[in-house]
Amino acid sequence: MRFGTFDDRQREYVIIRPDTPLPWINYLGCESYFGIISNTAGGYSFYQDARLRRLTRYRYNNVPTDYGGRYLYLRDNASGDYWTPTWQPIRNGVEDYSCRHGMGYTIIRSTSNDITTQIRYFVPLGETLEIWQATITNNRSEAANLSVFSVIEFALWDAQDDAANFQRNLNIGEVEIVDGVIYHKTEYRERRDHFAYFACSEPVEAFDTQREDFLGPYRGWHEPIAVEEGRSRNSVAHGWSPIGSHHIKLALQPGESKQVIFVLGYQENPRDAKFDPPGSSTVNKKAALPIIAKYTQRAEVDRAFDALYDYWGQLLGALQVDTPDEHTNRMVNIWNVYQNMITFNMSRSASQFESGIGRGMGFRDSTQDLLGFVHIIPERARERIIDLAATQFENGGAYHQYQPLTKRGNDAVGGGFNDDPLWLILGVAAYLKETGDRGILDEMVPFDNTPGTEAPLLVHLEHSLQYTLDNLGPHKLPLIGRADWNDCLNLNTFSEEPGESFQTASHREGGVAESVFIGGLFVIAAHEMAAITGDESYNEKADRMAETVLEHGWDGDWFRRAYDHFGEPVGSKECEEGQIFIEPQGICIMAGIGFDNGLAEKALKSVEERLATQHGIVVNQPAYTRYHVELGEISSYPPGYKENASIFCHTNPWIMIAAALLDDGDRAFDYYTRINPSAREAISEVHRCEPYVYAQTIAGRDAPTHGEAKNSWLTGTAAWNYAAITQWILGIRPTYGGLGIQPVIPSTWDGFTAERQFRGVTFKITARREGPGNKVTITANGEAVDGTVVPVPDGQSEVEVIVTIG
Ligand code: GLC
Ligand code: GLC
């Protein structure tokens, strides 16, 4: 069952009924001002950091769900009827509802009482504000006298404090209202240099800024007294809960349309120019006023929207493909790229499942996310790499997270996740292959943001690799530390205390827990270091680790997962539960381990037999049915969820890549399709999350809700699936020497075409299948190419590449 449809030409997903199984969201903003917005206008906004600079309030886990948003109420002043064109919060009779989620904007439209309202929400490029552009049309044969009420609820900046510290917060709210503009200035009198404003393009009849005056006592957002009575109170918030609400009167002739534009913005003032007049407590509005004047004009707003639309077109233009499969085309050309950009901006901070107050930028998350956007925004990828490396410790270890506002490592979480540093090498390698910018290796970057400790980025990479070698266990496999990629395999925690974080709680000393997964990852990273530096000794290190993995990490039919604190295997036939795990199969095969002796093939076959389901490949089997104190959080989840035997989608592309490396294009593509959100659109009632983006997990076969997705949007799944389909199945892979092209496509495909921007040159690729195999012959501009890498031509802006597959 579907709740909408893809409009690929417009690059939109069009939701056609408001009661989607879950709020289906989109993101506004792509630089420093951001918001999440659901298909019924729920959500909130923030500047840079969803925890520390929250502009508007949202109540996670609320009933009814998805309350707090960017709402307009319409009221027919003749009949007293009122409604919300975004369906929520009133949820009464809207007809012809649609919500178009596009790249950085959302358009919600509906009709009620013969009045059609369309609201376009977006954040203009280069600005720290959002626009709600409402077009209201009278379809009646007589004139309509309407009232429009806007409303947002201000958050008192620190979202965590805002949701908990009422004894203070209910006393500090402050606003100013001047010429119809509502200024939110809580704490501005003391240490904050920033305020928010909420403005409107039309003359304001009246306003409200105190929540209780707008809603009325004991009322919810679905029945504000001000709207019911058609009369705002001109309330001035002082303490309690500041809101912003304008009341506008609109007289529309039959068939007439009018636009009303609302602007919600964030503004900082220099500390010595905070007040106007100086010495007062009045906000200096000089910087904000021209911005408000500009964006309350329709022509400016239209121009800003077109610029945003073009900007996304340009970003998406980095790679466009045309394959025989519409789901592949749609994801590769539009939605997967878009999701990659969102994970770049948000890491794992703000979504329907991430509250914005939990996590900062993850070290391993952000380094892997790079794989999905390095070709789109290489300069910003460069900056991200430097920011991440600056949170590294001198011994090569890394802070697990850092805060985007301060860019400093997060002490509450600390380090000791022993896979973290290796991902930096993979991220930098991806950057170098894409851009050829070796200068980044010489960038001086501090350790732990401490001045005086600067070393070239290359040295950071060396320390990253050395960190693994300095932390080997009894089998000479890497020690796992607090956890490796699987945050929930906590082999040293032994937590018996409810509520303790499995990641950061006690770390039992003296253990020997080792990770086969990190062993595989090390092999990949060491090979990358050899390629970066030309130093062969890295390859030897890789080979030695590969031997160790084969010697102590092979279980007979698959790679083991780890050794626990006592040296007992995890992910082995010897185990009672959790006999096989997906991660080491993927990563060890990607590392090239077991290719010459058939073990890689064997591992892949075991994945197919034991882990693959129709909805994707689960993490482990058999699922843990009870709590294993020596394994940690993984066994805290009921079977089939999260790290305990769900389809943890991040790992599936590793198996797709493994299958491609083993020349099995049919299998690789089959796995790709099983979790492709667009291919799952038709079962939206089962999948339940948005059909246009990947979710972190899909419930595994041990769960009663097998096939149900959760934790959509902010997941490494986006970057890795993009890498799997574009680089390994379509085979368009940046290398140091040029653009590699080595497709391993399904046997039923007769080919595909692609256009890839690479180091300033457009590669126009036509791939044709002429035989059943994967052997590739290439010509570039008519000339035969030796091998599978097409060099970047000198002095040409375009290359015509013909690839024959057979
Ligand atoms: C979450 C984390 C990621 C981790 C994964 C598996 O997605 O953000 O860092 O690798 O879970 O535990
Ligand atoms: C929980 C989640 C895991 C995530 C971690 C981040 O353990 O299960 O997916 O990576 O929290 O702290």
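Residues numbered from 1 in each chain as written. Chains lettered and ligands numbered in written order. Predicted model: local features only at pLDDT ≥ 70, side-chain atom pairs only at ≥ 80, totals over all residues. Heavy atoms only, no water.

Focus: the overall build of the protein
So, step 1. Counting secondary structure elements, the protein contains 19 helices and 42 strands.
So, step 2. Relative to the globule expectation of 28 Å for 806 residues, the C-alpha radius of gyration of the protein, 28 Å, shows essentially globular dimensions.
So, step 3. Counting only C-alpha atoms, the protein reaches 80 × 60 × 55 Å along its principal axes.
So, step 4. A fraction of 67% describes how many contacts in the protein between residues 6 or more apart in sequence connect residues 24 or more apart.
So, step 5. Between the mean site of the 71 positive side-chain charges and the mean site of the 108 negative ones, the protein shows a separation of 4 Å. (Helix = DSSP H or I, 4+ residues; strand = E, 2+ residues; numbered from the N terminus. Rg over C-alpha atoms; globule rule 2.2 N^0.38 Å. Contact = heavy atoms within 4.5 Å. Lys, Arg positive; Asp, Glu negative; His and termini not counted. Charge placed at Lys NZ, Arg CZ, Asp CG, Glu CD.)

What about the packing of aromatic side chains?
So, step 1. With the rule as written, the count across this model stands at 45 aromatic pairs.
So, step 2. Their ring planes at 75° and their centres at 6.0 Å tell us that Phe 758 and Phe 763 sit as a pair that is edge-to-face.
So, step 3. By relative accessible area, which is 0% here, Phe 763 ends up buried.
So, step 4. Among the aromatic residues, those joined into a cluster by ring pairs are Phe 3, Phe 6, Tyr 13, Trp 24, Tyr 27, Tyr 311, Trp 312, Trp 335, Tyr 338, Tyr 692 and Trp 713.
So, step 5. If you follow Arg 120 out to its NZ or CZ, it ends over the ring of Phe 305, 3.7 Å from the centre.
So, step 6. Above the ring of Phe 494, the side-chain terminus of Arg 508 is found at 3.8 Å from the ring centroid. (Phe/Tyr/Trp six-rings, centres within 6.5 Å; stacked < 30°, edge-to-face > 60°. Buried < 20%, exposed > 50% of the residue type's maximum accessible area, 1.4 Å probe, protein only. Lys NZ or Arg CZ within 6 Å of the ring centre and 35° of its normal.)

A closer look at the site of ligand 2
So, step 1. Close to ligand 2 lie Arg 359, Asp 487, Cys 488, Gln 503, Glu 633, Tyr 637, Lys 642, Glu 643 and Gln 696.
So, step 2. One nitrogen or oxygen atom from the side chain of Lys 642 is found 3.0 Å from an oxygen atom belonging to ligand 2.
So, step 3. When ligand 2 is considered free in solution it has 310 Å² of accessible area, and contact with the protein chains removes 81% of it.
So, step 4. Residue composition of the shell around ligand 2, grouped by class: two nonpolar, two polar and five charged. (Near = heavy atom within 4 Å. Polar contact = N/O pair within 3.5 Å; in protein donor to acceptor, adjacent residues only side chain to side chain. Areas by Shrake-Rupley, 256 points an atom, 1.4 Å probe, with all protein chains shown as cover. Nonpolar A, V, L, I, M, F, W, Y, C, P; charged D, E, K, R; others polar.)

Considering the pattern of salt bridges
So, step 1. Counting across every chain of the model gives 53 salt bridges.
So, step 2. Between Asp 437 and Arg 382 there is a salt bridge, and its shortest N-O distance comes to 2.8 Å. Note that Asp 437 is positioned in the loop between helix H10 (420-435) and strand E23 (444-445) and Arg 382 in helix H9 (residues 378-389), a separation of 55 residues in sequence.
So, step 3. Judged by its relative accessible area of 21%, Arg 382 is partly exposed. (Salt bridge = Lys/Arg side-chain N within 4 Å of Asp/Glu carboxyl O.)

Some words on the sheet that holds strand E25 (residues 514-515)
Strand pairing in a sheet takes place through backbone hydrogen bonds and is either antiparallel or parallel in direction.
So, step 1. Here we have three strands laid out as an open sheet, ordered E25-E26-E27, and antiparallel in their pairing. Of all strands in the sheet, those bounded by a partner on one side alone are E25 and strand E27 (569-570).
So, step 2. By the bridge criterion, two bridges tie E25 to strand E26 (residues 562-563) in an arrangement that is antiparallel. Opposite Glu 514, over in E26, you have Tyr 563 as the bridge partner. (Pairing = 2+ DSSP bridges.)

As for the sheet that holds strand E41 (residues 789-790)
So, step 1. Spatially, E35-E36-E41 is the arrangement adopted by the three strands of the open sheet, whose pairing is antiparallel. Each of the sheet's edge strands pairs with one partner strand only, and the pair in question is strand E35 (732-735) and E41.
So, step 2. When E35 meets strand E36 (residues 738-741), the two strands line up antiparallel, connected through four bridges. Looking at the pairing, Ile 732 lines up with Ile 741 of E36.

Quick look at unusual backbone geometry
Peptide bonds are mostly trans, and most non-glycine residues show a negative phi.
So, step 1. In this chain, Val 63 is followed by Pro 64 through a cis amide linkage whose omega measures -5°.
So, step 2. The backbone of Asn 61 shows a phi angle near 60°, a positive value even though the residue is not glycine.
So, step 3. Considering the arrangement of structural elements, one finds Asn 61 in the loop between strand E6 (54-56) and strand E7 (71-76).
So, step 4. Although it is not a glycine, Arg 688 sits at a positive phi angle of roughly 70°.
So, step 5. With respect to the helices and strands, the residue Arg 688 is situated in the loop between helix H18 (684-687) and strand E33 (695-698).
So, step 6. By relative accessible area, Arg 688 is classed as partly exposed at 27%.

Considering the pairing of strand E11 (residues 115-122)
So, step 1. Burial runs high along E11: seven of the eight residues are buried.
So, step 2. Here strand E10 (residues 105-112) runs beside E11; their pairing, made up of eight bridges, is antiparallel. Bridge pairing links Arg 109 to Gln 118 in E11.
So, step 3. In this structure, the hairpin formed by E10 and E11 is closed by a connection of two residues, where Asn 113 is found at a positive phi of approximately 50°.

Looking at a negative patch on the surface
So, step 1. On the surface, Glu 462, Asp 535, Glu 536, Glu 540, Asp 543, Glu 547 and Glu 551 cluster together to form a negatively charged patch.
So, step 2. Ranked by residue count, the leading element in the negative patch is helix H13 (residues 537-553), at four residues.
So, step 3. Here Glu 536 is to be found in the loop between helix H12 (516-533) and H13. (Patch = residues over 30% accessible without salt bridge, like charges linked within 9 Å, V, L, I, M, F, W, Y side chains within 5 Å.)

Notes on the site of ligand 1
So, step 1. Around ligand 1 sit Arg 348, Arg 359, Arg 364, Asp 365, Trp 485, Asn 486, Asp 487, Glu 643, Phe 648 and Gln 696, and that is every residue in its neighbourhood.
So, step 2. At 2.6 Å, a side-chain N or O of Asp 365 approaches an oxygen atom of ligand 1.
So, step 3. A distance of 2.9 Å separates an oxygen atom of ligand 1 from a polar side-chain atom of Gln 696.
So, step 4. Here ligand 1, which alone exposes 310 Å², has 97% of that area covered by the protein.
So, step 5. A class-by-class count of the residues in the shell around ligand 1 yields two nonpolar, two polar and six charged.

Some words on the confidence of the model for the protein
So, step 1. Averaged over the protein, the pLDDT score is 97; the fraction of residues at 70 or greater is 100%.
So, step 2. Across the protein, element-level confidence peaks in strand E28 (residues 580-581) with a mean pLDDT of 99 and bottoms out in strand E21 (residues 361-362) with 89. (pLDDT = per-residue confidence, 0-100.)

Regarding the nonpolar core
So, step 1. Membership of the largest hydrophobic core comes to 244 residues, with the highest contact counts inside it found for Phe 214 and Trp 312.
So, step 2. Per element, the largest residue contribution to this core is 12 residues, and it comes from H12.
So, step 3. In this view, Trp 312 contacts Arg 11, Cys 30, Met 103, Gly 104, Tyr 338 and Met 341; residues no more than four positions away in its chain are not counted. (Core = buried A, V, L, I, M, F, W, Y, C linked by side-chain atoms within 4.5 Å.)

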